Structure formats: C-alpha cells, structure tokens
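# Per-entry structural report
Here are the chains, one letter per residue:
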Amino acid sequence: MWRYDWQPAPGSAEARLYSDFLPARLGCRGRVLRRVGIFGGSFDPVHNAHVALANTAPAELALDQVRWVPVWQAWQKAREMAPAADREAMVRLAISGEPRFVVERCELRRRGTSYTLDTVRELRAAEPGIDWYLILGQDQYAGLHTWRDWRELVSLVTLVIAPRPGAAAVNPQVAHTPHRTVALPLMDESSTDIRELLAAGLSIEGLVPPAVASYIDRHHLYQPPTTPPEHGANPRS
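None of the values given here were measured: they were computed from a predicted structure.

## What to know about the overall build of the protein chain
- For the protein chain, the helix and strand inventory stands at eleven helices and eight strands.
- A buried classification covers 42% of the 237 residues belonging to the protein chain.
- Of all intrachain contacts in the protein chain linking residues separated by at least 6 positions in sequence, the fraction that spans at least 24 positions is 68%.
- Entry remark: accessible area of the protein chain is about 13,500 Å², with carbon and sulfur atoms responsible for 54%.

Following this line, the structure appears as structure tokens:
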C-alpha cells in the first residue's frame, strides 16, 4: 500500500527521483498530471532548429506531448507572413511521424493578433489536468519582458529556455524568473535567413526538413520578386 508520509533516504537515488520528478508530476491529492509543452511561433518557415528543440524537450523534461502553436499574426512582427494555411501545412509536414507532436490551432481559430497569454489561458481552461511547459528559444526569451502581461504568463507555466551563444542579453527581471533549460546542438538556422536565401534564388538544402523544402518549392513561397517588363518593351525579347 502506498504511504503518503514516506520519505526516501537523503542522497539516495529514490531521493533524487522524489525531488526532481514526483512533485512536478503530482497535483491535488496525488493526482498524476500530464506534462505538455507549448511551442509557439510564426514558423515562417519551420526549420530544422525548431524540430531539434521540440525533439530535445520531451526527453529532457519528461514531456508527454509538445503542442506546436502557429500564430495567426505575431504582435511583434509588422511584415507580411506567408499565409497561415501554408505555415500550418509546413509544420504538419515537419512533425509527421512523431506521435508526441501535435498542431494546436487555437491561435489560427482566434485569428487576429496572437498573444501567448491568451493561448495559455485558453488551454488551461479547456484542459485543467495538464502541467504546461512554455518552450522558448533564446531570442524569444531575450524579448520576454516586452510580452503582454509576461509576469502573469510565467506564473501559469513552467518556463523552458533553449540557450544560444551570442544571443541578445536578457532583461534582469526576466533572468531572475525560475526556468528550466534544454541543451541544443549549435545550429545557425533562422527563418529570416531561409527566407533571404529563397528570395535570392539560393538553396535551403539541409536547413529545413525535405518535405518542407518540397512544399515551399511546389507552392512558390518566399520566391524572389518578379520585375515587370518596362513600358513598351517586348516581353519576348
């Protein structure tokens, strides 16, 4: 019979398990909570570093699932993004074959400007039996202090950061917020760089999953702008 007053011997393997794993997994009256990661972004386009981070988090944090959350319109980005349907399709291609990865469409359904706090509130209300982990890249972490009601946001989730050398400095208030970290191999991919390569007509081989590269090519995304012929010029010349 399980004893609720049992305590492991200090320094034992059981003590390490008890302190690191069980408190995070047990909710009210010892009810087991599922651990689910929230991994949001514009994914414009999704690339191999995104996939590497999402693959690393479940193993290091014992996550049961990772929800990929494509934004409708990122509040901090004024530029026009690829259509939401295309960005969602590319994410689905990138995560196919991994049963722990799920596309969460709540921000696409809401439309309008996407705020992570709204998403977390919605998910917590709909699924109260889950322990939510918010997964951020280093660049997102560096700008967290500018997010809407960021203090409330971090109070509702376990914050998870993927550090990257050379990233921007983190606001001191944010830096003192409790968080977990996940180790990633050094990867230089960024969606901005990939869009620039495509606009220049250059290859993105090895930067995005092959299925995503094929989708981009088939749907002519991020292509270099076409220059209309000069007035009066013969277009066939």
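Once you've had a look at it, read on.
## Quick look at unusual backbone geometry
- Geometrically, the link from D44 to P45 is a cis peptide bond, its omega value of 0° lying close to zero.
- Residue position: P45 is located in the loop between strand 1 (34–41) and helix 3 (48–61).
- Although it is not a glycine, D149 adopts a positive phi angle of roughly 45°.
- The topology assignment puts D149 in the loop between helix 7 (138–142) and helix 8 (150–156).
- Backbone geometry at H220 places phi at a positive 55°, although glycine is not the residue there.
- In this fold, H220 is placed in the segment after helix 11 (210–218).

## Considerations on the layout of surface pockets
- For the largest pocket, the calculated volume is near 1,200 Å³.
- Taken together, 46 residues line the largest pocket, and the ones lying closest to its centre are H50, G137, Q138, D139 and Q140.
- Looking at the lining of the largest pocket, the elements that each hand over two or more residues are strand 1, helix 3, helix 6 (116–126), strand 6 (130–137), helix 7 and helix 10 (191–199).
- Considering only residue class, the lining of the largest pocket consists of 21 nonpolar, 17 polar and eight charged.

## Remarks on the packing of helix 4 (residues 84–95) against helix 11
- For the pair helix 4 and helix 11, the least separation of the axes is 8 Å and the interaxial angle reads 155°. Relative to helix 11, the element helix 4 is oriented roughly antiparallel. Note that helix 4 runs across helix 11; the crossing there is right-handed. Contacts between helix 4 and helix 11 pair A85, D86, A89, M90, L93 and A94 from the former with A211, V212, Y215 and I216 from the latter.
- Class assignment of the residues belonging to the contact of helix 4 with helix 11 gives a composition of nine nonpolar, no polar and one charged.

## Here's the deal with the pairing of strand 1
- Most of strand 1 sits inside the fold, with six of its eight residues counted as buried.
- With six bridges connecting them, strand 1 and strand 2 (residues 65–70) associate as parallel partners. Pairing of G37 across the sheet is with V66, part of strand 2.

## As for helix 11
- Among all positions in helix 11, only V212, Y215 and I216 are buried. Projected onto a plane normal to the axis of helix 11, the buried residues spread over an arc of 100° and lie on a single side. Away from the buried face of helix 11 by more than 90 degrees, exposed residues P210, D217 and R218 are located.
- Residues of helix 11 that are buried sit in contact with helix 4 and helix 10.
- H220 lies just past helix 11 and shows a positive phi near 55°.

## Considering empty space enclosed by the protein
- Per the counting criterion, the structure on display carries one cavity of 30 Å³ or more.
- Here the largest cavity is characterised by a volume of approximately 30 Å³.
- Contributing to the lining of the largest cavity are W75, Y115, T116, L117, W147 and R148.
- Looking at side-chain class alone, the lining of the largest cavity contains four nonpolar, one polar and one charged residues.

## Brief notes about the sheet that holds strand 7 (residues 158–162)
- Strand order across the open sheet formed by six strands is 4-2-1-6-7-8, with parallel pairing between neighbours. In this open sheet, the two strands that pair with only one neighbour each are strand 4 (101–103) and strand 8 (180–181).
- As defined by bridge partners, strand 2 adjoins strand 4 across three bridges and the pair is classed as parallel. Within strand 4, the position partnered with R67 by the bridge is V102.
- Strands strand 1, strand 2, strand 4, strand 6, strand 7 and strand 8 of the sheet are contacted by helix 3, whose axis makes an angle of about 150° with strand 2.

Here is what the cut-offs are and how they apply
- Residues numbered from 1 in each chain as written.
- Predicted model: local features only at pLDDT ≥ 70, side-chain atom pairs only at ≥ 80, totals over all residues.
- Heavy atoms only, no water.
- Helix = DSSP H or I, 4+ residues; strand = E, 2+ residues; numbered from the N terminus.
- Buried < 20%, exposed > 50% of the residue type's maximum accessible area, 1.4 Å probe, protein only.
- Contact = heavy atoms within 4.5 Å.
- Areas by Shrake-Rupley, 256 points an atom, 1.4 Å probe, with all protein chains shown as cover.
- 1 Å grid on protein atoms, 1.4 Å probe; cavity = no way out; pocket = protein on both sides within 12 Å on 5 of 7 lines; lining within 4 Å.
- Points joined across faces, edges and corners; volume = space filled by probe spheres on them.
- Nonpolar A, V, L, I, M, F, W, Y, C, P; charged D, E, K, R; others polar.
- Axes fitted to C-alpha atoms, helices over the stretch in contact; angles between N-to-C directions.
- Parallel < 35°, antiparallel > 145°, perpendicular 65-115°, else oblique.
- Left-handed = near helix turned anticlockwise from the far one by under 90°.
- Pairing = 2+ DSSP bridges.
- Arc of directions from axis to C-beta.

Interpretation note: all reported values are geometric properties and have no functional meaning in isolation.
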